[in-house]
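# Residue-level structural notes
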Amino acid sequence: MASIPPISVAFLLFPNVTQLDLTGPAQVLSRLGNVTLDLVWKDRAPIATDAGFAIVPTATFAEVPRADILCVPGGMGVTEVIADDQAMAWVRAVGAEARWVTSVCTGSLILGAAGLLKGYRAATHWSWRDYLAMFGAEMLPERVVVDRNRVTGGGVTAGIDFALTLMAEVRSPEFAKAVQLSLEYDPAPPFDAGSPEKAGPELVATYQRRVAQLAPDREEKFRAAAARLDFS
């Protein structure tokens, strides 16, 4: 059997990240074979997630200057990340050389704010889709979008679909199918309410009000980030 080529994966880990955006695809991608996988932040202090528990980074920005796969998860913390010069400089630098530039959920807005999605089709969480255009990206309302070496996933649970799709590109579809089987990934949700189209207007409005409370200044911050980009 031919040896599996080595591959490195770097996840951006940041305060108030949606942990499943990170841990879902990290679980899948850890099975790429011959893989080095790091969770990267400014230092190695535990990072509080949106789930009420912390995740410990495995490396700092200085320790991971490059990676084959850059993956940026999402969460309410993205509005703080896009204003963080150190974090954005790392995303921009790693993304400029990575073989694959990827994201899950609202992580695509961090990629956009880093100037890495201009002219690309991309996905994000359904309630944040309108903001992708600010960064020169074309939003597609899909669970996973592949455009050249950009692979972006929709909201939260789409991270597993995203990771299997990416794995099929990096290794092979058969390799990804075997990992899917190993994870017993055969979803059968108890409710048919996992998209705005299926959930209905009342439930959608309730969720949108909650997001407006949690991130009342998100549009202002995205506009400021877009204004800092030079697309000339």
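Everything numeric in this text was worked out from a predicted model, so none of it was measured.

## Points about the overall build of the chain
Along its length, the chain carries 9 helices and 11 strands. Relative to the 2.2 N^0.38 estimate, which gives 17 Å for 232 residues, the radius of gyration of the chain is 17 Å and therefore close to what a compact globule would have. Across its three principal directions, the C-alpha atoms of the chain cover 55 × 45 × 35 Å. The buried share of the chain, reckoned over its 232 residues, is 49%. Long-range contacts, defined as pairs at least 24 residues apart, comprise 67% of the intrachain contacts of the chain with a sequence gap of at least 6. With the model as given, the accessible surface of the chain reaches about 11,200 Å², and the carbon-plus-sulfur share is 53%. Considering the chain, the positive charge centre built from 21 side chains and the negative charge centre built from 26 side chains are found 3 Å apart.

## Here we look at helix α1 (residues 19-29)
A large share of α1 lies buried, amounting to 8 of its 11 residues. Regarding α1, the residues found buried are Gln 19, Asp 21, Leu 22, Gly 24, Pro 25, Ala 26, Val 28 and Leu 29. Looking at the buried residues of α1, the elements they touch are β1 (7-12), β2 (35-41), β4 (54-55), β7 (100-104), α5 (158-170) and α6 (173-182).

## Looking at the side chain of Thr 124
Turning to its location among the elements, Thr 124 is positioned in the loop between β8 (121-122) and β9 (138-139). Here Thr 124 is in contact with Cys 105, Thr 106, Ser 108, Leu 109, Arg 129, Leu 132, Gly 153, Gly 154 and Gly 155, once residues within four sequence places are set aside.

## A closer look at the packing of α5 against α6
One way to put it is that α5 packs onto α6 with a least axis distance of 7 Å and a crossing angle of 145°. Crossing handedness for the pair α5 and α6: right-handed. In this structure, α5 uses Leu 164, Met 167 and Ala 168 to contact α6, whose residues at the interface are Pro 173, Phe 175, Ala 176, Val 179 and Gln 180. Here the contact of α5 with α6 is composed, by residue class, of 7 nonpolar, 1 polar and no charged.

Calculation rules
Residues numbered from 1 in each chain as written. Predicted model: local features only at pLDDT ≥ 70, side-chain atom pairs only at ≥ 80, totals over all residues. Heavy atoms only, no water. Helix = DSSP H or I, 4+ residues; strand = E, 2+ residues; numbered from the N terminus. Rg over C-alpha atoms; globule rule 2.2 N^0.38 Å. Buried < 20%, exposed > 50% of the residue type's maximum accessible area, 1.4 Å probe, protein only. Contact = heavy atoms within 4.5 Å. Areas by Shrake-Rupley, 256 points an atom, 1.4 Å probe, with all protein chains shown as cover. Lys, Arg positive; Asp, Glu negative; His and termini not counted. Charge placed at Lys NZ, Arg CZ, Asp CG, Glu CD. Axes fitted to C-alpha atoms, helices over the stretch in contact; angles between N-to-C directions. Left-handed = near helix turned anticlockwise from the far one by under 90°. Nonpolar A, V, L, I, M, F, W, Y, C, P; charged D, E, K, R; others polar.

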